[in-house]
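Observations on the model geometry
So the chains spell out like this:
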Amino acid sequence: MGEVVQSDHRPANVVDAERQELAAVLASPTFARSQRLVKLLEYISEKHFLGQDAEVGEYSIATEVLGRPADFDPGEDAIARVEIHRLRKKLREYHVAEGARQALKIIIPPGMYTPAFQRDGSAGE
């Protein structure tokens, strides 16, 4: 991959920590057999790292990640909403199991399609 340009002016150490958490999640046994969810999480996370959260929505997820054609209509096909719901569930599963001691958690807030990286005050206790 090429050099990532960060456009939201967050400190490099914050982005590095987020990228490390993403790598841990993607390498986890919880995600080992969920290649579609891996691809989705990579896509929305990279958009986040580039400061392009506003560009992520049902249409972009369906066409750029899930292989839907350019004439995709989110009103007729809920695939993006379904897959984001599955991803939220899989992330919760990861955070209960092998990610339970991680200081940083990846969440996708309800109604959103982009990740948030949240500090967990109980990690490491």
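Not measured: the values here are computed from a predicted model. (Residues numbered from 1 in each chain as written. Predicted model: local features only at pLDDT ≥ 70, side-chain atom pairs only at ≥ 80, totals over all residues. Heavy atoms only, no water.)

1. Points about the overall build of the protein chain
Selection rule: Helix and strand assignments come from DSSP, with helices taken as H or I runs of at least 4 residues and strands as E runs of at least 2, each series counted from the N terminus. Note on classification: 1.4 Å probe, protein chains only; a residue is buried when its accessible area is under 20% of the maximum for its type, exposed when over 50%, partly exposed between these limits. Whether two residues are in contact is decided by their heavy atoms, any of which lying within 4.5 Å being enough. Each accessible area is a Shrake-Rupley estimate made with a 1.4 Å probe; only the visible protein chains count as cover when residues are assessed.
A tally of helices and strands in the protein chain yields 4 helices and 2 strands. When the helices and strands of the protein chain are listed from N to C terminus, the series reads α-α-α-α-β-β. By the burial criterion, 39% of the 125 residues in the protein chain qualify as buried. When contacts within the protein chain are restricted to residue pairs at least 6 apart in sequence, long-range pairs at least 24 apart make up 49% of them. Summed over all atoms, the accessible surface of the protein chain reaches about 7,200 Å², with 53% contributed by carbon and sulfur.

2. Concerning the packing of helix α2 (residues 35-49) against helix α4 (residues 79-96)
Formally: Angles here are taken between N-to-C directions and fall from 0 to 180 degrees, while the axes themselves are lines fitted to C-alpha atoms, restricted in helices to the stretch in contact. An angle below 35 degrees is read as roughly parallel, one above 145 as roughly antiparallel, one from 65 to 115 as roughly perpendicular, and any other as oblique. Asp, Glu, Lys and Arg are counted as charged, while Ala, Val, Leu, Ile, Met, Phe, Trp, Tyr, Cys and Pro are counted as nonpolar; the rest, among them Gly, fall into the polar class.
Where α2 meets α4, the axes come as close as 10 Å, and the angle between the chain directions of the two elements is 95°. One element, α2, and the other, α4, form an angle in the roughly perpendicular class. Across from Arg 36, Leu 37, Leu 40, Leu 41 and Ile 44 in α2, the residues of α4 making contact are Ile 79, Glu 83, Ile 84, Arg 86, Leu 87, Lys 90 and Leu 91. Along the lines of polarity and charge, the residues of the contact of α2 with α4 split into 8 nonpolar, no polar and 4 charged.

3. Regarding the nonpolar core
A general feature of soluble globular proteins is that nonpolar side chains tend to end up buried together. Which entries qualify depends on this criterion: Nonpolar core, defined: a set of buried Ala, Val, Leu, Ile, Met, Phe, Trp, Tyr and Cys residues in which side-chain atoms within 4.5 Å join the residues together.
Counting 28 residues, the largest nonpolar core has Phe 31, Leu 41, Ile 44, Ile 61, Leu 87 and Leu 91 as the members making the most contacts within it. Elements represented by at least two residues in this core include exactly α1 (12-26), α2, α3 (58-64), α4 and β1 (104-107). Top element by residues in this core is α2. It accounts for 7 residues. With residues near it in sequence (within four places) discarded, Phe 31 still touches Val 25, Leu 26, Leu 37, Val 38, Leu 41, Leu 87, Lys 90, Leu 91 and Tyr 94.

4. Here we look at the side chain of Lys 105
Our working definition: Polar contact is the term for a pair of N or O atoms within 3.5 Å; when the atoms are in protein, one must be able to donate a hydrogen and the other to accept it, and sequence-neighboring residues count only if both atoms are side-chain atoms.
By the element assignment, Lys 105 lies in strand β1. At a separation of 2.7 Å, a polar atom in the side chain of Lys 105 contacts the main-chain carbonyl oxygen of Gly 99. Within polar-contact distance, the side chain of Lys 105 engages the backbone oxygen of Gln 102 at 3.1 Å. The contacts of Lys 105, once residues within four sequence positions are left out, are His 95, Gly 99, Ala 100, Ala 116, Phe 117, Gln 118 and Asp 120.

5. Things to note about the packing of aromatic side chains
For clarity, the threshold we go by: Pairing of aromatic side chains requires ring centres within 6.5 Å, counting the rings of Phe and Tyr and the six-membered ring of Trp. Pairs whose planes differ by under 30 degrees are stacked, by over 60 edge-to-face, and all others tilted.
Enumeration over the complete set of coordinates arrives at 2 aromatic pairs. Aromatic side chains Tyr 59 and Phe 72 sit 6.4 Å apart centroid to centroid with 45° between the ring planes, which places their arrangement in the tilted category. Linking Tyr 59 in helix α3 with Phe 72 in the loop between α3 and α4, this pair joins segments that are 13 residues apart in sequence.

Read these as spatial facts, not as claims about activity.
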